[in-house]
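Letter by letter, the chains look like this.
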Amino acid sequence: FEPNSTPVNQSQPLRAVKAIFELAVCATSPHSSRHVPGVAVASRRSRVLPLLPLSPSCRGRGDRGGKRGAMEIGGQHPASSCSKEHQKIYRDWFALADSDGDGRITGPDAIKFFAMSSLPRADLKQVWAIADSKRLGYLGFGEFITAMQLVSLAQAGNEISQDSLQREDLISFNPPVMEGLDAQLAKSKHLAKRVDQDMDGFPQAQGPSTNHWFNSKSSKKIPLTAVTSVIDGLKRLYIEKLKPLEVTYKFNDFVSPLLTNSDFDAKPMVMLLGQYSTGKTTFIKHLLKTSYPGAHIGPEPTTDRFVVVMSGPDERTIPGNTLAVQADMPFSGLTTFGTSFLSKFECSQMPHPLLEHITFVDTPGVLSGEKQRTQRSYEFTGVTSWFAAKCDLILLLFDPHKLDISDEFKRVIGSLRGHDDKIRVVLNKADQIDTQQLMRVYGALMWSLGKVLNTPEVSRVYIGSFNDKPVKESAVGPIGKELFEKEQDDLLSDLKDIPKKACDRRINEFVKRARAAKIHAYIIGHLKNQMPTMMGKAKAQQKLIDNLEGEFAKVQREHHLPAGDFPYVEHFREALGGYSIDRFEKVKPKMIQAVDDMLGYDIPELLKNFRNPYE
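Residues numbered from 1 in each chain as written. Predicted model: local features only at pLDDT ≥ 70, side-chain atom pairs only at ≥ 80, totals over all residues. Heavy atoms only, no water.

S.K.: Would you mind showing me how to read the nonpolar core here?
M.R.: Among soluble globular proteins, nonpolar side chains are generally buried collectively. By size, the foremost hydrophobic cluster in this structure holds 51 residues, and its most contacted members are F331, F341, F345, F387, L396 and F398. In terms of residue count, helix α16 (residues 435-453) provides more of this core than any other element does, eight residues in total. Core analysis: the second largest hydrophobic core is formed by 47 residues, I231, F510, I524 and I603 among them. (Core = buried A, V, L, I, M, F, W, Y, C linked by side-chain atoms within 4.5 Å. Buried < 20%, exposed > 50% of the residue type's maximum accessible area, 1.4 Å probe, protein only. Helix = DSSP H or I, 4+ residues; strand = E, 2+ residues; numbered from the N terminus.)

S.K.: Is there a simple way to explain the pattern of salt bridges in this structure?
M.R.: A side chain of one charge can pair with a side chain of the opposite charge if their charged atoms are brought near each other. As enumerated under the stated definition, the model contains 20 salt bridges in all. Note that E246 and R513 form a salt bridge whose closest N and O atoms lie 2.8 Å from each other. With E246 in helix α8 (residues 230-248) and R513 in helix α17 (residues 473-529), this pair connects stretches of sequence that are 267 residues apart. A residue is classified by how much of its surface remains accessible, and R513, at 10% relative accessible area, is buried. Ionic pairing is found between D263 and K390, a salt bridge with its closest N-O pair at 3.3 Å. (Salt bridge = Lys/Arg side-chain N within 4 Å of Asp/Glu carboxyl O.)

S.K.: Help me understand unusual backbone geometry in this model?
M.R.: Peptide bonds are trans in most cases, and residues, glycine excluded, mostly fall at negative phi. The phi angle at K289 is positive, at roughly 60°, despite the residue not being glycine. With a relative accessible area of 32%, K289 lands in the partly exposed category. Located in the positive-phi region is H560, a residue other than glycine, with phi close to 55°.

S.K.: Hey, could you run me through the confidence of the model for the protein in this one?
M.R.: Where the model shows low pLDDT, its predicted coordinates should not be examined in detail. The predicted model of the protein averages 76 in pLDDT, with 76% of residues at 70 or higher. Within the model, the stretch residues 1-80 combines pLDDT values under 50 with 210 contacts to residues more than four positions away or in other chains. Per-residue pLDDT stays below 50 along residues 192-206; that stretch engages in 33 contacts with residues further than four places along the chain or on separate chains. (pLDDT = per-residue confidence, 0-100. Contact = heavy atoms within 4.5 Å.)

S.K.: Looking at this model, I keep getting lost on the environment of L491. Mind explaining?
M.R.: Among the structural elements, L491 can be located in helix α17. In sequence terms L491 and R424 are 67 residues apart; their C-alpha atoms lie 8.8 Å from each other. In this structure, L491 is in contact with F283, L395, V426, Y462 and F466, ignoring residues within four places of it in sequence.

S.K.: Please clarify how the environment of P319 should be interpreted in this entry.
M.R.: Topologically, P319 is positioned in strand β7 (residues 316-319). The class for P319 is partly exposed, based on a relative accessible area of 49%. P319 sits 26 residues away from F345 along the chain, and the two C-alpha atoms are 6.7 Å apart.

S.K.: Looking at this model, I keep getting lost on the sheet that holds strand β5 (residues 269-274). Mind explaining?
M.R.: The strands making up a sheet are joined through hydrogen bonds of the backbone, oriented either antiparallel or parallel. As summarised here, the arrangement of the eight strands in space is β7-β8-β6-β9-β5-β10-β11-β12, forming an open sheet in which the pairing is mixed. On the outer flanks of this sheet lie β7 and β12 (461-463), each paired with one strand and no other. With strand direction ignored, the average angle separating the axes of adjacent strands in the sheet is 25°. Taken together, the four bridges between β7 and strand β8 (residues 345-350) define a ladder with antiparallel strand orientation. Of the residues in β8, the one forming a bridge with P319 is E346. (Pairing = 2+ DSSP bridges. Axes fitted to C-alpha atoms, helices over the stretch in contact; angles between N-to-C directions.)

S.K.: Any chance you could explain the packing of helix α18 (residues 537-546) against helix α19 (residues 548-559) here in plain terms?
M.R.: The description of two packed helices rests on the angle between their axes and on the distance between the axes. At a minimum axis distance of 5 Å, the contact between α18 and α19 shows a crossing angle of 80°. Of the possible angle classes, the one that applies to α18 and α19 is roughly perpendicular. Residues L544, I545 and D546 of α18 pack against L548, E549 and E551 of α19. Grouping the amino acids of the contact of α18 with α19 by side-chain chemistry returns three nonpolar, no polar and three charged. (Parallel < 35°, antiparallel > 145°, perpendicular 65-115°, else oblique. Nonpolar A, V, L, I, M, F, W, Y, C, P; charged D, E, K, R; others polar.)

S.K.: Sorry if this is basic, but what is going on with the environment of K554 here?
M.R.: Mapped onto the elements of the fold, K554 is located in helix α19. According to the relative accessible area criterion, K554 is partly exposed, its value standing at 36%. With 31 residues separating them in the primary sequence, K554 and I523 have C-alpha atoms 9.3 Å apart.

S.K.: Is there a simple way to think about helix α3 (residues 107-114) in this case?
M.R.: For an α-helix the count is 3.6 residues per turn, leaving residues at separations of three or four pointing the same way. Taken together, the buried positions of α3 are occupied by G107, D109, A110, F113 and F114. Around the axis of α3, the buried residues are gathered within 160° of arc, so they sit on the same side. Away from its buried face, by an angle of more than 90 degrees, α3 presents the exposed residues P108 and K112. Buried positions along α3 lie against α2 (84-97), β3 (105-106), α4 (121-131), β4 (138-139), α5 (141-155) and α6 (181-188). (Arc of directions from axis to C-beta.)

Below you can see the structure in the form of structure tokens.
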């Protein structure tokens, strides 16, 4: 098995092992190994895994040394494959193309500027698709450089694809020929537009600030001209249409806190859950190839708090109470869990290329056995549910010696309801047992998960040993080693795609929230209508609370709503007990209609406006 070579067919022994696994889980279908450009499985000899380039076209070629299975970004600074001379040229071009000077080139600007390349529309469509891989609807300066380098390749007669960014000679290509550009640059020199530069001389374009949208008490509508990306459009729709509904019917008290500007701008998050000593902290260290501030590893329960590992200018830890009040951090909603939780919450910051794209959430080991009697000082499942709504990927870690799913772990998995598409299961430390034992462990894990997840689909389980030590080949043999490498390749492809899918995930979560808020408003309005006008209010409220399942069914039938979208009855009942139903608002059709219009017209129109301009 050669890591960076073209994919080869699986060997007969490996097929046999996978066939045995299929039998162990009632003929479930394992995912076939597939080649992912830019991702390779490391061998013991000296291969590393290029992952998540900072800018697809402006990245280094990566280090070729490292331990088996080490996962790292195969790049240096975003400008590393773009000379200083070319950067200066592109800065002038970017300033010209950015008609409103906000550091973003949107579709209309791109069409006007890219037309000077005289390339066919099909080529320009492909250029935009690759440069705007995150589908944000605009090009920052880094993406603009990527686009210009792709245009150079196309003008030289090369075919444009994602693999074009891997070319070793990309840095040697001159800027593309743009007809009439010199004349336009001469006219615009007096404007002296320049993108701000950071300490290394590489411009970091920042979009217009939208903080004042959330802080302003004015009811004045946000102009459409202020919206220059898909995320900006979601912020505008939230403030103008969804937030009024949430405030009116106290959605933030029952379901989820109100969203802030930082919630929309936050980097994608990956949360790791599992019992103690299943390798959660080691997994993060393995991805980063280094430790992070506050990391503790041992066979005993070492991580006793929620730790958010994110990018920062220097290595430091930030206490939870401080973190929850920082406007630029998306954690203000955690204040609802109280000081007892915030004292067990901290942020670990460090400069690292991977953390510029992904934030990791390390969690305390889920309690099992007698330890369940020790009550936590905060609502553990509530916190995991809050993070699950914010995360883009949730990894459930098991090891061969901890396959039992305790009551608390079962409640934690239950709290992930509605986020099934984010869950991935990892059987870690699999090289501690031989192949025959691994087959039995795999089958036992699938059997246990089937009783907890309650879904007809088979969960995807990644098998491997995610640490910096070589695979114990004496235990698993060469077949097992090859299997681990292929499984690691599949998991890496999921991680690599997270930043690219972040914008789509934001839209998905926004639509889910809007539907949940609409159903919540119907429930509150229905309960209000059931209350008497004058006397017997306390008795009527208690009756409604006791028969909440029946009231939910009435709302479902009356408004033709899907039963699966309704909240947990017990959680809703608990929250409802602290309110007087008589003081709730009745259903306001205009507010409901505004949310329906947003879902049916505004969001599709937003996506249409910021799609590939050449489609």
